[in-house]
Structures are given as C-alpha cells and as structure tokens.
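# Commentary on secondary and tertiary structure
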Amino acid sequence: MPFNLLVLFCLCYVAMLFCVAFLAERRAAEGRVRWLRSPAIYTLSLSIYCTAWTFYGAVGYAARSGLEFVTIYLGPTLVFVGWWWVLRKLVRIGRQQRVTSIADLISSRFGKSNILGVVVTLIAVIAATPYIALQLQSVTLSFAVFASGTPEGWALPNRDATAIWVAGGLALFTILFGTRNLDAKEQHHGVVLAIAVEAVVKLVALLAVGIFVVWGIAGGAQEVFARIDATQAAGWTLQPDRWIGMIAVSGAAVICLPRMFQVMVVEGGEDRHLALASWAFPAYLLLMSLFIVPIAVIGLERMPAGSNPDMFVLTLPLAEGQGGLALLAFLGGFSSATSMVIVESIALATMVSNHIVMPLWLRLAPKAAMKGDVRRIVLLARRLSIVGVLGLGYAYYRMSGGSAALAAMGLIAFAGMAQVLPVLLGGIFWRGATKAGAVAGLVTGFAVWAFTLLLPFFGPGTLLPQAVFDHGLFGLGWLRPQALFGIAGMDPLVHAIFWSAVLNTAAFCAGSLLTFPGPVERMQGAAFVNVFDADAAGPQGWARGRAEPEALLMMAQRILGEEPALALFEAEARAQGKAGYLPDATPDFVAGLERRLAGSVGAATAHAMISQIVGRATVSVEDLMAVANETAQIMEYSAQLEAQREELSRTAGALREANEKLTQLSVQKDAFLSQISHELRTPMTSIRAFSEVLTEGDLPPELVANYGRIIHDEAIRLTRLLDDLLDLSVLENGSVQLNLSLVNLQQLLDRALAAASHTRPERSFTVIRDLPAENLFLRTDGDRLVQVFINLVSNARKYCDAASPALTISVRQRAGRVHVDFTDNGTGIAKQHQAIIFEKFARLSDQHRAGGAGLGLAICREVMANLGGQVSYLPGRGGASFRVTLPLRIGRQAA
Amino acid sequence: MARRVPLFLKRRSYRQRRLRDAARLLPLVGMFLLLVPLIGAGGAGNTAGHGLYLFLVWLGLVAAAAALSAGLGSDPGDDGEADSPAPPDRPR
Amino acid sequence: MAHVVLVEDEPNIAEAIRFILSRDGCTVTALSDGMGGIEQLRSLGPDLVILDLMLPGISGLELLAAIRADRGLRGVPVMMLTAKGQGRDREAALQAGVNHFMTKPFSNTEMLAAVRGLVARRGAG
C-alpha cells in the first residue's frame, strides 16, 4: 500500500474522531450529557488501559515469554471484580473534593500540600515518559511495516520524522480537545467519547486478526492447541515470582496510572458506572487477550526468523495477502496508541499546570495572580505542558534508539506509578497517615525504583557505570542496583517491585507514626476516610466573616469564568435569603467555593488563592476538638451547635438587613415627597415669575418671545415629570398595555444608542458591541425595551468617570432568556448604594441637575418586570455594570 | 440535618451485605485459582492447557462479578449505605 | 444702588430674578453655583446675597455658614430660596442665620418687597 494513501487514511480516521469529539462537546454544551455519561461509555473509556503495548506488544511478549503477558490483564481483573469498593471510595472522594488528578488527590488529602503534589507529578511524568515513547515507537514501527512492503519503501532514517509527526499531531488533537475550556472538575466529554470509539475499533481489529489467524490460517481451535503445544519454547515456563509480582504491580497500576485515574475518577465516574465496569472491563480485557497466544504461535511458525514479533498483528495478515485486515489492524494499533497518549498527556498536563506552574506563578507574582486572567494562564500552562510531555516522550524514544521491546518499557512505567499506591490507599483508609510519612514513602519508593529499574534499563555504562552494577553505589556491596542488601539472584523486575514496595510502605508507615499532622491535614484526613458519612465534609477551616464577598466574586470570575461564577454566587445568595449576587461569606460558602475552584486549579492552589483573600486558614479550638474526637456524638453535638449558631447569626444578619432597608425606605419616602415637591415647584417658579412679568405688559417684543419660550420649556418639563410619575404608577400597578411584536435586538440597541447620544454629546464615548450576538429576534415590547436601554446608556454617558469612557454591551443567550450587559469602565457604584439605585428619586449625588428627576432606573425596573424580566446591578465587574434579563418570547401571563 | 441511623436498623439489607462480602472475597479466590498452574506442573510446559485453564478461570471471575454486581445493583442506593452505622469501607 | 449676588443653579429662575431686581434698579450678579467659594463672594462686595438651598457641590446652607463665619461678609443680609418646602429646611436656615426665607414659587412683588426691605436694613445699619 502506498505510504501516502496510508497517511491519508489515518488523517481521515483522525478527522472522524475529531467530529465525534466535536459533536459530543456540542451536546454536552447543550446540557445533554446523560447519554455521554452512561456506564457503557465509562467502561469503554477505561479501555485506555490497553495501549499499543497490548495491541502490538502483548503478541511479542507472548512470543518471548509465553503466558506471562496475561498477568498484565489479570491484575486489573482482580481489582475490578472484587475491589471496586476501593475504586468506589476513590470516585466518591473525587467527586466530593473535585479532584483534578491523582497528584491533586494526594496533595489534597495531606493538608493541600504543594510538595506532595510536586512529588507525585514528578513521579508521574518520569514514569509516563517511557510509556509515551512506547506508543510513539509502536506507531512508527507500524508505519514502517506497512511501507516496507512497497517498492518505494522508505528507509529507516524516516522513522524519526514519522515519530515527530505523530507526536506533533497528537499534541495538536490533545490541545484542541483537552484544553478547550477550563471546566470545573476537568471533564472532557469529547475526548471521552472519542476514546470510547477507539476502544471499539481496537477490540474489533484485534478480534478480527485473531479470528482470521485461528480459523483462516490455522484451521480451527483444535489445530491451534496442537500447534501451541508443538511450539513450546524454552522461555515459556511460568516463573512464580514474576507471575505474582506482575499481577500485583498491574493491579496497582490500574488504579495509579494518571490516565486511568483520569478516566476513572476525574472524568466523572459514578457508582452505577462501577457496577457495570466491575465485570464488563475484565470481560473487555479477556477478549483483548484471547487471541494473543494463537497469533504469537502462528506468527513464530509462519514468519521468517528474525522478524519482530511485536508486529505480528500487522505482518501476519500482510504476509497472507489480507491487505484490508492489515489496515484494520493498523487502525486498531493507531487507536490504542493515540487514545493513550491523549488522555495521558491531558492528565499529566493538568498535574504540571496545577502543581508546578500555578504555585510557582502564585509565589513569583502574587499580585498578578490575584488580578490577572487566571484562566488564560492555566490553559496556556496546560498547552505548554502537553507539548512538553510529548516532547519528553519523543526524546526518550530517540534516546532509547527505538529498539527496546515494548513490554519492558511498559513494565517500568507500571512499577514506577505503583509507588503511589501505598500513599493513596493509606490516605483514603488510614486517618493516621501524615504528610511527612507520605513524602517519605513516595521519595523512598521512587528512589528505589529509579535506582533498581529505570537507570539499569539503559544498560551498564549508560546512566549507571559498570562499577555500580558490580560493586554497588559508592562501592557499598549491599547497594548493587539488582541485588539490594546482598540478595542476588532475583529477577530484576521482581527485585525492583519487591524492594520498592517494602521500603516505600515502611517509610510511609514509620513517617506517619512518628509525625503529627497539621490541622488542615487532619480535617482533610477525616473528610477522605469518612467520605461515605453524611457529614463527612466536617468542620470548615475558614474563619467567619473575614472575606469580602465582592473580592471573592472577582477572583472566582477569573478562574471559573464570569457566568458560572455569577450563577454560583447568585444561587448561594438566594439560599441565604438575600437578593442580588453577593452572599455572606460564611465558612460553608467559602469552603464550597474553594472546592469549586479546586476543580479547576487543584486543591493546593485554590487553598492558597482563597487564603490571600480570607487570610490564613484558621481552625478554631472547637473545630480541632471535633476532628480529633473520634466519638460521633460529640461531633454531632458540636455540629448541631455550630448549625444553630450559623442559623441564628444568619437570621440576625437577615433582620439587620431588613431593618436597614426599612429605615432607608422611610428616609426615602420623606425624600420622595420632598423631591416631588422640588421637581414640581422648580419649573413652576419660572412659569409664575415670567407670566407675572408678561402680564404687566410694556416689554420689548424680543423679551416677550424669549420669556414666552421659557414658560413653554418649563411647562414641558413639568409635563414630562408628570408623565414619568404616571408611567411609573401604571407600571407599578401592572396595568400597562404592552405592544408585543417580533423585534431585532440589534436594531433596538441601535435606536437606544442614537437616542442616548444627546446626553453629554460633548464627550467622546466609546461603545464596544458584539454585533453577531446581538443579531437575534425577540418577541417583546420593543419601545419599552428601548426605553430601558436608553436609560442605561445615558446613565453610563452621564456618570462614567473614566478619562476615556467606554461602554461594553454584551449579549448572551441562555435557556430561553437573553442577558444584555451594559458595563462601563468607570469606578462603578459603591456597595452601600447598590441596593437603593433602583428606588425612586435615588440619586447618588446632590447633582440634581445631572439628569431627570431620578426616576429612570425605577422605571427601568418596572418596565423589565412587566416584560417578564429584570434589570440588576452586577457587582465585581470593575465599572458600573447593569444586566437586563428578559425572555426570548414573552409569556402570555407575563403580558 | 442528616444523622446516622441506629445500629441494626437495616436488617433487610443483610443479604446485600453478604453479597458485598462475597464480592470482596472474589479476588482472593481468583488469586488462588490463578496460582494453581504454578503449583500443578511446577510451571513447566503445557502452555495450551494452562492457557485454557486461565481463560476459563477468568471467564468464571467475570461471570461471578456480573452476577454479584446485578445483586448489588438492586441495593436501595448508596445513600442508604452512606447512612449505615458501620461503613464496611473502614480498614479492618 | 444695591448690588445683589444671586446663587441659583436653575438658569430660568436666575433669569427671572435678575430681570425683576434689575428693573427695580439693583445690580445683579448671578452665579450658577457656590464653587467659587467665599473669596469670590467677598470680592463681589454684595449688599445682599440670595441663595438657593439645593446647589450642586456646596449647598446653600454651607455657603451661608461660610458667609456668617467670614469677617468681611458677616453683616451682609442673606435671603434663602427653596423648592422643597419642608419645615425642617426653614428651621435649619433660620438657625444658620438667614435673614429671610422664601419658598418657590414666589410672587414677584413678594420678592421685590423682601429685597427692598433687606437692602434698606443694610443701608440703615
């Protein structure tokens, strides 16, 4: 098959995946995620456990070592069939704490420690690098296999180029779908669905090759059995130590591998998902493994000696002239490699950006971190991390020369990532586990793994000198990398697994027993271990009332985006019985907000950012007692007291607020009468004075004309005031006649801007609009709506105190409603005034000549109520910002 | 506020508890069965026989897990379990 | 010939008062606000100051207090105008030492009589 055609074929396949992912994202954006989050999709997404290592490497492994390859799939099988309660606990913790990665989980459990996040991230990146290299290598090899049969077959040097193209393409796909948005809880529906599709493709491909080999070449199952017996090779004897060690390490890896953790916990697993996955995922593994040995045996028999057994899945069908089947197999292998790399690099990039880049940035530029656009920085960090991770994989591929057997590279990664398991399990089951213990365990395990497995892998004399192999590190005989403590003769892999597990666990336990956990650590420990208890959230570490809600809102907007943050704050304000967007910063709310932010930037960073606003996390003595005390009664009792106290203080707060409002209203009623009097008497004064003058006669005609005009103007002003008052009273009674029709929002805004341009025309005033978003049709009363717009725009023209005033009009459509935001760049409205600006005659300054009678916003409010919508002030936007919300088409009862 | 229910209230979920125990034992049974080939012939030779045996055990584990998960699926709900006095997830 | 300084932010009302008083022989200087401060008033050397109660920036009451505290202006009669018509304002103004308090709208003869009275008192004293 011509190479170019193959590349074209691959591109088509990737384009198809792209469409799948894109459609899934679109559906998710429309809120139709039920189907996307079904248990079946979840189970299929778990299949990224089977990478190119399975697809190509397993056959090679079987050809070299017989049945040993199944251990890689038996370990996960045992974990899933019986120990899914461990997974369920992980999933529950993941959802409750909004965990973004395995590093985040461990950092969060041990007191939101940044050090642990960094350690786990480093282990994950180092362990994953050979694994990613393996995927690049297998895709490159498969390209080479296909091309070598053709006359214009391309030579070996091109392989590096192929690998770099593959790495670049994967980075692009991952960036496009993995970092499109900074979702809370890091879910990527598009990627998950694409992976589910790839899972089906690789299973079908491997089964097809297997069926062809068994029934097409060998001539039936009986025949295959006979040949397996006949091929019995020397290396095929089962070795008990490797057998047990590899089942254990693969069982650990299925929990700890960053990509498995990503699909299992972070992408939103649920209990019902695990019920299906508990048997369906092992069944998937079984099917993937079923034909491995037959393919290996027939391959060994048929293929010329010296051909790479890792590629039998491709070369067998090709040798038999089954081009179509080989192409399917190629796609299967391609799917396995791409899905692994995509998810792995998303997972690693999340870790790197949340645990290394963000903390560094917070430390180096704390001012910018609290002011700047955090979302952009995080996304940029993720994109760069993805490129970095794939770059590392490529570098490793180049360094290892692309020659090592696939299976050996995979096992190194497994054993490396398994170092996280003791800390992970200890963290979720043992409240006594401490941060110091976790650091000790992880560092020990990682060091032992690197020394006994990773560095020796490159062979004596490359990274470790021959002398170290022979006489140990620093010449100490008991520090030989493949015979620690003088115990020689073990299989190197088993040796590494054994010693790293033993020393890791020992250091973790000893460290935990000897040290004392800090307050945050103890609270998180209780929350993690008792995640299934109803009140597992436990006491909160934030002191009451220190945070300024507006500051919290501004920070939340920069991390979550404006809309979600506003929605979150509005919901909380409503739950507290307050109107508007600013709830009280209760400890519960701050803790909830922290968890929400943690879903985007990780627990440690979220904690640090909130601390900058609230002040240091302070845990009261009572809280600590509640944590420390194991008896449920006392916890319950104090929780109830706390709840009552909260309730009381909330009620008191609500009363105070109501009282303030009443007082203010009474003051305002007085002011209202006095204002009406003033507004009526002022034009009256001129009218009376000049009419008396005119009555006296004997004036020059030009003065008569002049004074006549003044009387006329003032009479009109009087009429307008009466009109406004009448309008307001009609609107307030709800007896207004609406003139409903289909109107274009853009035209309405045009009209409003034109009409409002008479206000302070001498100032240059910039208006920033979003014309495409404005171009939508509404069924409402256009004239009334324009009246509101004119008011808001001329208010901005009047009061915006920026040197070069600008008004941004943004339009958004959500759930059948339209938001139109008018935001200027002035100093905005002080918090104490925000509650009264919509009241009648509520002018904030004494400059009573600045506008009309101060009825504008009151009329706006009533108009919007009549149009089935509302107008409200948006805090935390910098300048003054008003939001007009109205339904796309007005309901009958609203009219 | 959700409070814990008293001990022994959920007698009717007794069977579900035992099903869960069975599920927890399954990996141990599985591990034992998977080690049999090592003991049997000392791990030497007979790859076809061992392979057949391993895949049958594997299939058995999948079937058992499917049966158990169906039973566990009828659990009144995890929230019910969340309220139970002694969460089985506690260590030891 | 009396010099009257008028501080009134409504241009039409200011024009009306200016016309009435100047027809009667007064010199009228109209200011639209009190932002020029007490120095400006002092430099004008008025025989009578007419203040509106609600002014942008510095209110009429504040201006009045400044006049009463100023050595040069202390004796100048002050007339206060208001459209709010609340008893409270009248009391506050009288307390601050206003000589005459008038509610808008007023009749021209009433205004003229009050001004003549205040200017005459100034001349006598």
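Residues numbered from 1 in each chain as written. Chains lettered and ligands numbered in written order. Predicted model: local features only at pLDDT ≥ 70, side-chain atom pairs only at ≥ 80, totals over all residues.

## Some words on the overall build of chain A
Secondary structure summary: chain A contains 36 helices and nine strands in total. Every one of the 895 residues in chain A was classed for burial, and the buried ones make up 50%. Nonlocal contacts in chain A, meaning residues at least 24 apart in sequence, comprise 81% of its contacts between residues at least 6 apart. (Helix = DSSP H or I, 4+ residues; strand = E, 2+ residues; numbered from the N terminus. Buried ≥ 20, exposed ≤ 12 C-beta atoms within 10 Å, placed from the backbone. Contact = placed C-beta atoms within 7 Å.)

## Section: the overall build of chain C
Within chain C, the regular secondary structure consists of five helices and five strands. The order of helices and strands in chain C, counted from the N terminus, is β-α-β-α-β-α-β-α-β-α. Across the 125 residues in chain C, those meeting the buried criterion constitute 40%. Intrachain contacts of chain C at a sequence separation of at least 6 include 59% that bridge at least 24 residues.

## Comments concerning the environment of Glu 39 of chain C
Residues and elements named next belong to chain C. If you trace the backbone, Glu 39 turns up in helix α2 (residues 37-44). Accessibility expressed as a C-beta count within 10 Å gives 9 for Glu 39, which makes it exposed. C-alpha separation for the pair Glu 39 and Ile 67, spaced 28 residues apart in sequence, amounts to 10.0 Å.

## Considering helix α32 (residues 745-756) of chain A
Residues that lie three or four places apart on an α-helix share one face, since the helix turns once every 3.6 residues. Residue and element names in this part refer to chain A. Taking 1.5 Å of rise per residue, 12 residues should cover 16 Å, and α32 covers 16 Å from first to last C-alpha, within 8% of that figure. Buried within α32 are the following residues: Leu 745, Leu 748, Leu 749, Ala 752 and Ala 756. The buried side chains of α32 occupy one side of the element, clustering within an arc of 95 degrees when seen end-on. The elements touched by buried residues of α32 are β3 (741-744), α33 (771-774), β5 (777-780), α34 (782-799) and β6 (806-814). (Expected span 1.5 Å × (residues − 1). Arc of directions from axis to C-beta.)

## Concerning the interface of chain A and chain C
Facing the 19 residues of chain A at the interface are 17 residues of chain C. Mapped by element, the contributors of at least two residues to the side of chain A that touches chain C are α30 (632-695) and α31 (701-733) of chain A. The dominant element in the side of chain A that touches chain C, judged by the number of residues it contributes, is α30 of chain A, at 13 residues. Here the side of chain A that touches chain C is built from residues that sort into five nonpolar, eight polar and six charged. (Nonpolar A, V, L, I, M, F, W, Y, C, P; charged D, E, K, R; others polar.)

## Focus: the confidence of the model for chain C
Residue and element names in this part refer to chain C. For chain C, the average pLDDT comes to 85, and 97% of its residues sit at 70 or higher. Strand β1 (residues 3-7) holds the highest mean pLDDT among the elements of chain C, 91, whereas helix α4 (residues 87-95) holds the lowest, 82. As scored by the predictor, the complex reaches a pTM of 0.66 and an ipTM of 0.92. (pLDDT = per-residue confidence, 0-100.)

## Quick word on the nonpolar core
As a rule of thumb, nonpolar side chains are buried together in soluble globular proteins. Membership of the largest hydrophobic core comes to 271 residues, with the highest contact counts inside it found for Cys 256, Ile 295 and Val 313 of chain A. Of all the elements, helix α16 (residues 323-364) of chain A adds the most residues to this core, at 20 residues. Setting aside its immediate chain neighbours within four residues, Val 313 of chain A contacts Phe 55, Tyr 56, Val 59, Val 209, Ile 295, Ala 329 and Gly 333 of chain A. If you look at the next biggest cluster of nonpolar residues, it comprises 40 residues, including Ala 689 of chain A together with Val 7, Leu 64 and Val 119 of chain C. (Core = buried A, V, L, I, M, F, W, Y, C linked by C-beta atoms within 7 Å.)

## Points about the pairing of β5 of chain A
All names here are of chain A. The alternating pattern of β5 places Leu 778 and Thr 780 on a buried face and Phe 777 and Arg 779 on a face that is not buried. Two elements, β3 and β5, share four bridges in a ladder whose sense is antiparallel. Paired with Ser 741 across the two strands is Thr 780, which belongs to β5. (Pairing = 2+ DSSP bridges.)

## Looking at the packing of helix α20 (residues 421-429) of chain A against helix α23 (residues 492-514) of chain A
Residues and elements named next belong to chain A. Contact pair α20 / α23: the axes reach a minimum separation of 9 Å and the direction vectors enclose 35 degrees. For α20 against α23, the interelement crossing comes out right-handed. When α20 is examined against α23, the residues Pro 422, Val 423 and Gly 426 are found in contact with a partner set consisting of Asn 504, Thr 505 and Phe 508. (Axes fitted to C-alpha atoms, helices over the stretch in contact; angles between N-to-C directions. Left-handed = near helix turned anticlockwise from the far one by under 90°.)

## Digging into the sheet that holds strand β4 (residues 766-769) of chain A
All names here are of chain A. In space, the five strands of this open sheet follow the order β4-β6-β7-β9-β8, with mixed pairing throughout. This sheet does not close on itself; its edge strands, each paired only once, are β4 and β8 (870-873). Direction aside, the axes of adjacent strands within the sheet are offset by 15 degrees on average. Pairing analysis gives four bridges linking β8 to strand β9 (residues 881-887), with the strands arranged antiparallel. Its bridge partner lying in β9, Tyr 873 is registered against Phe 882. Lying on the sheet, α34 is in contact with β6, β7 (817-824), β8 and β9; it crosses β7 at an angle near 20 degrees.

## Structural notes on the sheet that holds strand β5 (residues 100-103) of chain C
Residue and element names in this part refer to chain C. Pairing within the open sheet is parallel, and its five strands lie in the order β2-β1-β3-β4-β5. Strands with a single pairing partner mark the edges of an open sheet, and in this sheet they are β2 (27-31) and β5. Taken pair by pair, the neighbouring strands of this sheet meet at an average axis angle of 20 degrees, ignoring direction. In terms of strand pairing, β1 meets strand β3 (residues 48-52) through four bridges, oriented parallel. Counterpart to Val 4 in the pairing with β3 is Leu 48. Packed onto the sheet, helix α1 (residues 11-23) meets β1, β2 and β3 and runs at close to 170 degrees relative to β2.

## Observations concerning the packing of helix α21 (residues 435-457) of chain A against α23 of chain A
Residues and elements named next belong to chain A. Relative to each other, α21 and α23 sit at 165 degrees, their axes nearing to 7 Å. Taken as axis vectors, α21 and α23 run roughly antiparallel relative to one another. Relative to α23, the crossing made by α21 is right-handed. Looking at the contact of α21 with α23, its residues break down into 15 nonpolar, 11 polar and no charged. (Parallel < 35°, antiparallel > 145°, perpendicular 65-115°, else oblique.)

## What to know about unusual backbone geometry
Cis peptide bonds are those with omega within 30 degrees of zero, and the linkage from Lys 104 of chain C to Pro 105 of chain C qualifies with -10 degrees. Counting through the fold element by element, Pro 105 of chain C comes out in the loop between β5 and α5 (108-124).

## Here's the deal with the confidence of the model for chain A
Residue and element names in this part refer to chain A. For chain A, the mean per-residue pLDDT works out to 78, and 84% of the residues sit at or above 70. Scored below 50 in pLDDT, residues 620-634 shows 17 contacts in the model against residues more than four places distant or in partner chains. Throughout residues 845-851 the model reports pLDDT below 50, and contacts reaching past four residues in sequence, or to other chains, amount to 10 contacts.

## Brief notes about the pairing of β7 of chain A
Residue and element names in this part refer to chain A. The sheet contact formed by β6 and β7 spans eight bridges and is antiparallel. Its bridge partner lying in β7, Ser 810 is registered against Asp 821. Between β6 and β7, which pair antiparallel one after the other, the connecting turn spans two residues, and Ala 815 there sits at a positive phi close to 50 degrees.

## Comments concerning the environment of Ala 347 of chain A
Residue and element names in this part refer to chain A. By secondary structure assignment, the location of Ala 347 is in helix α16. For Ala 347 and Ala 103, which are 244 residues apart along the polypeptide, the C-alpha to C-alpha distance reads 9.8 Å. Non-local contacts of Ala 347, meaning those with residues more than four positions away in its chain, are made with Ser 101, Pro 258, Arg 259, Phe 261 and Gln 262.

## Regarding the environment of His 819 of chain A
Residue and element names in this part refer to chain A. Relative to the helices and strands, His 819 is located in strand β7. Given 17 C-beta atoms within a 10 Å radius, His 819 is considered partly exposed. Beyond its immediate chain neighbours, meaning those up to four positions away, His 819 contacts Arg 812, Arg 814, Arg 883 and Thr 885.

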